[in-house]
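What the coordinates show
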Amino acid sequence: MPYFLQQVLNGLHMGALYALLAFGYALTNGVVRRTNLAYGAVFAFSGQTMILVAVFGWYVLWLTLPATVVLGIVAAFAYAILIGMILARSVFSPLARRTPNAVVTATLGASIVLMELGRIAAETRDFWLPPMLAEPVVFLMADGFRVTLTVIQLMNCALIVLALALATLALARTGFGRSWRAVCDDPRAAAMCGVDVPAVFNGAIVAGGLAAATAGILAALYFGNISFGTGLVFGLKILFVAAVGGYDSPPRAALGAAVFGMAEALWSGYFPIEWRDAAVFAALIVLLVLRPGDGQSHAARP
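Residues numbered from 1 in each chain as written. Predicted model: local features only at pLDDT ≥ 70, side-chain atom pairs only at ≥ 80, totals over all residues. Heavy atoms only, no water.

1. Considerations on the packing of aromatic side chains
Evaluation of the coordinates by the stated rule reveals 9 aromatic pairs. With a centroid separation of 5.1 Å and 65° between ring planes, the pair formed by tyrosine 18 and phenylalanine 260 is classed as edge-to-face. You can see tyrosine 18 sitting in helix α1 (residues 2–32) and its partner phenylalanine 260 sitting in helix α10 (residues 250–270), a full 242 residues away along the chain. By relative accessible area, tyrosine 18 is classed as buried at 1%. Site record: aromatic cluster; members linked through ring pairs are Tyr18, Phe43, Phe234 and Phe260. Positioned over the ring face of phenylalanine 234 is lysine 237, at 6.0 Å from the centre of the ring. (Phe/Tyr/Trp six-rings, centres within 6.5 Å; stacked < 30°, edge-to-face > 60°. Helix = DSSP H or I, 4+ residues; strand = E, 2+ residues; numbered from the N terminus. Buried < 20%, exposed > 50% of the residue type's maximum accessible area, 1.4 Å probe, protein only. Lys NZ or Arg CZ within 6 Å of the ring centre and 35° of its normal.)

2. Looking at the nonpolar core
It is characteristic of soluble globular proteins that their nonpolar side chains tend to be buried jointly. Residues Leu21, Val31, Phe43, Met50, Leu87, Trp180 and Leu221 are the most contacted members of the largest nonpolar core, which totals 77 residues. Take this core: its biggest share by element is 14 residues, from α1. Those residues within four positions of leucine 21 in sequence are excluded, and the remaining contacts are Tyr39, Phe43, Ala212, Ala215, Phe234 and Ile238. (Core = buried A, V, L, I, M, F, W, Y, C linked by side-chain atoms within 4.5 Å. Contact = heavy atoms within 4.5 Å.)

3. Quick notes on the packing of helix α5 (residues 151–173) against helix α8 (residues 197–223)
At a minimum axis distance of 10 Å, the contact between α5 and α8 shows a crossing angle of 170°. Here α5 is positioned roughly antiparallel relative to α8, judged by the angle of their axes. Where α5 approaches α8, its residues Ile152, Gln153, Asn156, Leu159 and Ile160 are matched on the opposing element by Leu218, Leu221 and Tyr222. Its residues placed into classes, the contact of α5 with α8 shows 6 nonpolar, 2 polar and no charged. (Axes fitted to C-alpha atoms, helices over the stretch in contact; angles between N-to-C directions. Parallel < 35°, antiparallel > 145°, perpendicular 65-115°, else oblique. Nonpolar A, V, L, I, M, F, W, Y, C, P; charged D, E, K, R; others polar.)

Given below as structure tokens:
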């Protein structure tokens, strides 16, 4: 039982990261209605940017560790906003009226560009942050086995839960949330009712990018490293997970992603880890096949 509880706690942390990514993806997909293959690259690029800027601040600017980490976080968010604005105005907006394959191809190209930028900036090397807040917090001890999470894991989970709660409340209670739901349902009808559809469209894409950047930063702080190729695997996972949870509801997509993270952790604890990704992708495919269609229109977006 203590070993099982340890795997559950491990799943809570990874599930929280997946939940934040799925929330942002569903937020973007609600207005775009097209597959976004650049989302995972934004996640990895933001995490890697934070690490590279932190390394620069430490070795070149001679900043303290907290100061250089803060500098890296600010730079990562700034780049995430810039990437979100570029994708919204130069990729999604002009291509959303075309066939779905146009957006898929364009976002795949954007993903490759971001991965290559990260690789070139890092000179094809991996940079690592020192362990931070790695002290274990013991939840249970039995027969010499300790059930623990580190301080950074607890901090990440708390920040993600708070961010998801505030974002869900904002979607339910604010004018932007009401406008977002209207644009998701029918952008033309929303425009006729006075909704600034382009502003909502661009805002949702930037907000989704910020969610991916936040997840990338928290993952980099925990793992200490995110390589330029990490985004492809995470992007594919979130694409499948968000589809199972439902693109029409970011909170439901986040809940489905959290369950996925828990299942992944349990597989890692009890079965061969080299088969983990194959098993979870197979399970997601089965769920997608068995899941009834939502009947939503995939009409072109503005």
